[in-house]
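Structure assessment
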Amino acid sequence: MTQSFDAAMAAFAPPLPLAVAFSGGADSTALLLACARRWPGQVHAIHVHHGLQSAADGFVAQCEALCARLQVPLAVCRVDARHAAGQSPEDAARQSRYAALADAALQAWPQRPMACIALAQHADDQVETLLLALSRGAGVAGLAAMPARWQRLGLTWLRPLLQVEGAALRDWLVAQQQDWIEDPSNTDQRYTRNRIRAQLLPQLQAAFPQFRDTFARSSRHCAQAAELLQEVAQADLAAVGSPPAIAALQALSSARQANLLRHWLRSVHSTTPAAAQLEELLRQVAACTTRGHQIRIKLGCGFVVRTGALLGWYNP
């Protein structure tokens, strides 16, 4: 169920010291202000300067001013977030941001490295993430949307506001007489997420007032299903072997073959196959009934190949 900002913060019990990812926008400003008041001297802030717009230097100045007033140490990380060919700008910025946040949390204060990082994504962000995943034809792992807690890059990451509406955060800031930065890129409707925010969410609110709660429930169901599929894949891979034995793989249903191969490629070779690539791999595995049948399929930065009785991985 959605909850008030005060209720979400009352339930938030992070390990300390705590780093807050601080863009200067409304969401992270509310999170930083509330954390700094609750745990004085235990909270640090990290601001990532993406270098993608001329206003970014002004964002830094405003973040520095608020942190100075709150007596919160601030680390500013400058990254090159330009996207590579074929990569979405949002994905490039996100990857650069997470790497910079982790690096700062562990190294910016060497005498006192942070125990975890808090992010200010809220219920509306969760809905947008689910709708983006649906638009891309994601499976249950993608439809699980954003977790509230996870481990990455040697840190614990927390999202304490996933049940709070975005408007509630702004209302709380207004009541505190605290201003925030309005990033002009957040209204640029060339970005899919911004179009969802501006066009779809108001329509969903009008048609289904409880959509944040029901969408979140669906995401939790998908997260449970993804966890179960992970457990099945781990058990099947243990039985089939790593690398997988082709004959043992063929004895499984096609659904379990697909689940196992996705897990093997992701966990062992850090590669996630596209749906068409996985379908072709399954087709070739099914056709592999003679000693001379060859398999060689490009996946990510390498190839899945046949090596005798086994599936192998070749990275040139």
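Residues numbered from 1 in each chain as written. Predicted model: local features only at pLDDT ≥ 70, side-chain atom pairs only at ≥ 80, totals over all residues. Heavy atoms only, no water.

**With respect to the UniProt feature "domain: tRNA(Ile)-lysidine synthase substrate-binding" (unreviewed entry) in the chain**
Applied cut-off: UniProt positions are given in the numbering used here, feature names are shortened, and annotations may be inferred rather than shown by experiment. Numbering of helices and strands runs from the N terminus; a helix is a DSSP stretch of H or I covering at least four residues, while a strand is a stretch of E covering at least two.
UniProt annotation of "domain: tRNA(Ile)-lysidine synthase substrate-binding" (unreviewed entry) refers to residues 246–304 when read in the numbering used here. Segment residues 246–304 splits into 58% helix and 12% strand. End C-alpha atoms: 12 Å apart.

**Focus: the environment of S254**
Our working rule: Burial here depends on accessible area, computed with a 1.4 Å probe over protein chains only, as a share of the maximum for the residue type. Under 20% is buried, over 50% is exposed, and the range in between is partly exposed.
Considering the arrangement of structural elements, one finds S254 in helix 11 (residues 254–269). Judged by relative accessible area, which is 53%, S254 ranks as exposed. In the structure, S254 is positioned 32 residues away from A286 in sequence and 9.0 Å away in space, judged by C-alpha atoms.

**Things to note about the sheet that holds strand 7 (residues 296–299)**
Defined as follows: When DSSP finds two or more bridges between two strands, those strands count as paired. Only the stretch in contact is used when a helix axis is fitted, and all axes are lines through C-alpha atoms; the angle between N-to-C directions ranges over 0 to 180 degrees. Contacts are assigned to residue pairs that have any heavy atoms within 4.5 Å of one another.
An order of 7-8-9 is seen for the three strands of this open sheet, with the pairing classed as antiparallel. Looking at strand neighbours, the two that pair on one side only are strand 7 and strand 9 (310–314), the edges of this open sheet. Shown here is a sheet whose adjacent strand axes are inclined to one another by a mean of 30°, direction ignored. One ladder, built from five bridges, connects strand 8 (residues 302–307) with strand 9; its direction is antiparallel. Paired with V304 across the two strands is W313, which belongs to strand 9. Against the sheet, helix 12 (residues 275–287) engages strand 7, strand 8 and strand 9, with an angle of about 165° to strand 7.

**What about helix 9 (residues 211–240)?**
Selection criterion: By this rule the span expected of a helix is its residue count minus one, scaled by 1.5 Å.
Taking 1.5 Å as the rise per residue, helix 9 with 30 residues should run 44 Å; its terminal C-alpha atoms sit 42 Å apart, in good agreement. Residues of helix 9 that are buried: F211, R212, D213, S219, C222, A226, A233, D236, L237 and V240. With its phi angle positive at about 100°, G241 sits one or two positions after the end of helix 9.

**A closer look at the packing of helix 11 against helix 12**
Worth spelling out the cut-off: Any angle between 65 and 115 degrees counts as roughly perpendicular, while under 35 counts as roughly parallel, over 145 as roughly antiparallel, and the rest as oblique. If you view the pair so one helix is near and one far, a crossing is left-handed when the near helix is turned anticlockwise from the far one by less than a right angle, and right-handed when it is turned clockwise.
In contact at an axis separation of 11 Å, helix 11 and helix 12 are set at 120° when each is read in the N-to-C sense. It follows that helix 11 is oblique to helix 12 by the angle criterion. For the pair helix 11 and helix 12, the crossing hand works out as right-handed. In this structure, helix 11 uses S254, Q257, A258, L261 and R262 to contact helix 12, whose residues at the interface are L278, L281, L282 and V285.

**Concerning the pairing of strand 7**
Residues of strand 7 alternate between two faces, with I297 and L299 buried on one and R296 and K298 left unburied on the opposite face. Taken together, the four bridges between strand 7 and strand 8 define a ladder with antiparallel strand orientation. From the neighbouring strand, I297 faces strand 8, where its bridge partner is V304. Count of turn residues in the strand 7/strand 8 antiparallel hairpin: two residues, of which G300 carries a positive phi of about 60°.

**Overview of the packing of helix 2 (residues 26–38) against helix 3 (residues 56–70)**
For any two helices packed against each other, one specifies the crossing angle of their axes together with the interaxial distance. The geometry of helix 2 relative to helix 3 is characterised by a closest axis approach of 11 Å and an angle of 15° between their N-to-C directions. One way to sum up the angle between helix 2 and helix 3 is to call them roughly parallel. Crossing of helix 2 against helix 3: the hand is right-handed. For the pair helix 2 and helix 3, the contacting residues are T29, L32, L33 and A36 in the first and L66, C67 and L70 in the second.

**Brief notes about the side chain of D27**
The condition is simple: Polar contacts, as counted here, are pairs of nitrogen or oxygen atoms within 3.5 Å of one another; within protein the pair requires one atom able to donate a hydrogen and one able to accept it, and residues that are adjacent in sequence qualify only if both atoms are side-chain atoms.
Tracing the backbone through its elements, the reader meets D27 in helix 2. At a separation of 3.3 Å, a polar atom in the side chain of D27 contacts the side chain of R170.

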